[in-house]
Amino acid sequence: MTDLRELSTCWHRGWSASRALPAALDLGPGLRVRCQQLGRDVEYLAVDTDPASLRLLADRVAAEDEVTWLTVPTIDPDPTAAVLEAAGLVVLRRSELMMTIDLRSHPRFPPAAGYRLSTVEDDEVRTAAVLDDASGDVGARGWMGLAGSSAVADRISTFPGHRRRGLASTVMGALAAAALDAGAERGILIASDEGQHLYAKLGWRGVATVLITAVPGTVYPS
């Protein structure tokens with residue numbers, strides 16, 4: 001059985017490393033970080049999803065002066081969403097998945113013809129990019145934040161003009177290899193609905209739905 005509290009805490013640690021964020025404040029049922037990311041200034045992550053914990057976190061979100069999200073990984077999305085809505089929040093998005101993989105089984109792919117792979121190690125972060133040999137432009141790239149024996153894949157993207165060449169799969173395989181070399185064994189990520197098909201093909205499996213919630217009037221960035 002998945003220990004969702006432990007998994008969510010490791011995800012947050014690796015995600016924060018990937019984005020060079022300050023250490024999170026541990027509130028018991030959740031974590032708070034001043035993140036200054038697209039669409040929000042502050043983010044809470046629920047690590048306990050019992051109704052009392054969710055109501056406490058919802059109250060904290062409502063008391064913030066800046067744009068604030070409460071992100072909730074859950075294996076029971078419908079009743080969890082109902083508790084959050086009853087506490088005064090709205091669900092901005094509910095199509096994302098927390099996914100995991102044993103990094104030792106992650107497939108690796110060489111770059112497509114005309115491209116080369118570049119990887120960088122920097123403290124608790126590994127980055128990978130696939131570059132166009134002719135122009136030097138970045139075709140695809142991604143980050144992996146280390147969190148002990150776990151590693152969190154983040155911001156995996158392929159740029160227009162370079163798609164449908166398997167570049168994102170090359171990036172993912174390179175990040176998995178780099179994380180293994182750093183001592184990690186488990187990969188974690190939160191996948192958008194657009195990315196879930198790719199990750200599933202690479203062997204990642206969904207373990208929780210991720211609800212993104214906020215006070216009424218908050219807009220999820222397009």
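Residues numbered from 1 in each chain as written. Predicted model: local features only at pLDDT ≥ 70, side-chain atom pairs only at ≥ 80, totals over all residues. Heavy atoms only, no water.

Some words on the overall build of the chain
Then comes step 1: Each helix and strand counted, the chain has 5 helices and 11 strands in total.
Then comes step 2: Computed over C-alpha atoms, the radius of gyration of the chain comes to 18 Å, within 12% of the 17 Å expected from 2.2 N^0.38 for 222 residues, which places it in the range of a compact globule.
Then comes step 3: For the chain, the spread of C-alpha atoms along the principal axes amounts to about 55 × 35 × 30 Å.
Then comes step 4: Taking as baseline every contact in the chain between residues at least 6 positions apart, the subset at least 24 positions apart corresponds to 65%.
Then comes step 5: A total accessible area of about 10400 Å² is found for the chain, and carbon and sulfur atoms account for 50% of it.
Then comes step 6: Here the chain contributes 22 positively and 28 negatively charged side chains, and the mean placements of these two sets differ by 4 Å. (Helix = DSSP H or I, 4+ residues; strand = E, 2+ residues; numbered from the N terminus. Rg over C-alpha atoms; globule rule 2.2 N^0.38 Å. Contact = heavy atoms within 4.5 Å. Areas by Shrake-Rupley, 256 points an atom, 1.4 Å probe, with all protein chains shown as cover. Lys, Arg positive; Asp, Glu negative; His and termini not counted. Charge placed at Lys NZ, Arg CZ, Asp CG, Glu CD.)

Regarding helix α1 (residues 4–18)
Then comes step 1: An ideal rise of 1.5 Å per residue puts 21 Å on 15 residues; α1 measures up with 21 Å between its terminal C-alpha atoms.
Then comes step 2: Within α1, 11 of the 15 residues are buried, leaving the element largely enclosed by the surrounding structure.
Then comes step 3: Among the residues making up α1, those that are buried are Leu-4, Leu-7, Ser-8, Cys-10, Trp-11, His-12, Gly-14, Trp-15, Ser-16, Ala-17 and Ser-18.
Then comes step 4: By the N-cap criterion, in which a side-chain oxygen at the helix start approaches the backbone nitrogen of a residue two or three places on, α1 is capped by Asp-3, the distance to Arg-5 being 3.3 Å.
Then comes step 5: Trailing α1 by a residue or two, Ala-20 shows a phi angle of about 55°, which is positive. (Expected span 1.5 Å × (residues − 1). Buried < 20%, exposed > 50% of the residue type's maximum accessible area, 1.4 Å probe, protein only. Polar contact = N/O pair within 3.5 Å; in protein donor to acceptor, adjacent residues only side chain to side chain.)

A word on the pairing of strand β8 (residues 138–147)
Then comes step 1: Counting buried positions along β8 gives 8 out of 10 residues, so the element sits mostly inside the fold.
Then comes step 2: Inspection of the sheet shows strand β7 (residues 125–132) paired to β8 by 7 bridges, in the antiparallel sense. Paired with Arg-126 across the two strands is Met-144, which belongs to β8.
Then comes step 3: Once β7 ends, the chain turns through 5 residues before running back antiparallel as β8, passing Gly-136 with a positive phi of about 80°.
Then comes step 4: Of the pairings in the sheet, the one linking β8 to strand β9 (residues 150–158) comprises 7 bridges and is antiparallel in character. Note that in β9 the partner of Gly-145 across the bridge is Val-152.
Then comes step 5: Count of turn residues in the β8/β9 antiparallel hairpin: 2 residues, of which Gly-148 carries a positive phi of about 65°. (Pairing = 2+ DSSP bridges.)

Observations concerning the nonpolar core
Then comes step 1: Formed by 26 residues in total, the largest nonpolar core has its most connected members in Met-172, Leu-189, Tyr-199 and Trp-204.
Then comes step 2: Contributions of two or more residues to this core are made by β5 (90–102), β7, β8, β9, α4 (167–181) and β10 (186–191).
Then comes step 3: When residues of this core are assigned to their parent elements, the largest contribution, 8 residues, is made by α4.
Then comes step 4: Once residues within four sequence positions are removed from consideration, Leu-189 is found in contact with Trp-11, Leu-97, Met-98, Met-99, Ala-153, Met-172, Tyr-199 and Trp-204.
Then comes step 5: Core analysis: the next-biggest nonpolar cluster, separate from the first, contains 17 residues, Trp-15, Leu-31, Val-47 and Ile-188 among them. (Core = buried A, V, L, I, M, F, W, Y, C linked by side-chain atoms within 4.5 Å.)

What about the UniProt feature "domain: N-acetyltransferase" (unreviewed entry) in the chain?
Then comes step 1: The positions UniProt marks with the feature "domain: N-acetyltransferase" (unreviewed entry) are residues 87–222.
Then comes step 2: Regarding residues 87–222, the helix share stands at 15% and the strand share at 47%, and the terminal C-alpha atoms are separated by 26 Å. (UniProt positions renumbered as here; feature names shortened; annotations may be inferred.)

A look at the pattern of salt bridges
Then comes step 1: Taken as a whole and assessed by the stated rule, the structure comprises 13 salt bridges.
Then comes step 2: Here Glu-6 makes a salt bridge to Arg-186, at a shortest N to O gap of 2.9 Å. Residue Glu-6 is located in helix α1, and its partner Arg-186 is located in strand β10; the two are separated by 180 residues in the primary sequence.
Then comes step 3: A residue is classified by how much of its surface remains accessible, and Arg-186, at 23% relative accessible area, is partly exposed. (Salt bridge = Lys/Arg side-chain N within 4 Å of Asp/Glu carboxyl O.)

Focus on the packing of helix α2 (residues 51–63) against helix α3 (residues 77–86)
Then comes step 1: It is at 9 Å that the axes of α2 and α3 come closest, and there the two elements cross at 45°. Of the possible angle classes, the one that applies to α2 and α3 is oblique. The way α2 lies across α3 gives a crossing that is right-handed. Two secondary-structure elements touch here, α2 through Pro-51, Leu-54 and Arg-55 and α3 through Thr-80, Val-83 and Leu-84. (Axes fitted to C-alpha atoms, helices over the stretch in contact; angles between N-to-C directions. Parallel < 35°, antiparallel > 145°, perpendicular 65-115°, else oblique. Left-handed = near helix turned anticlockwise from the far one by under 90°.)

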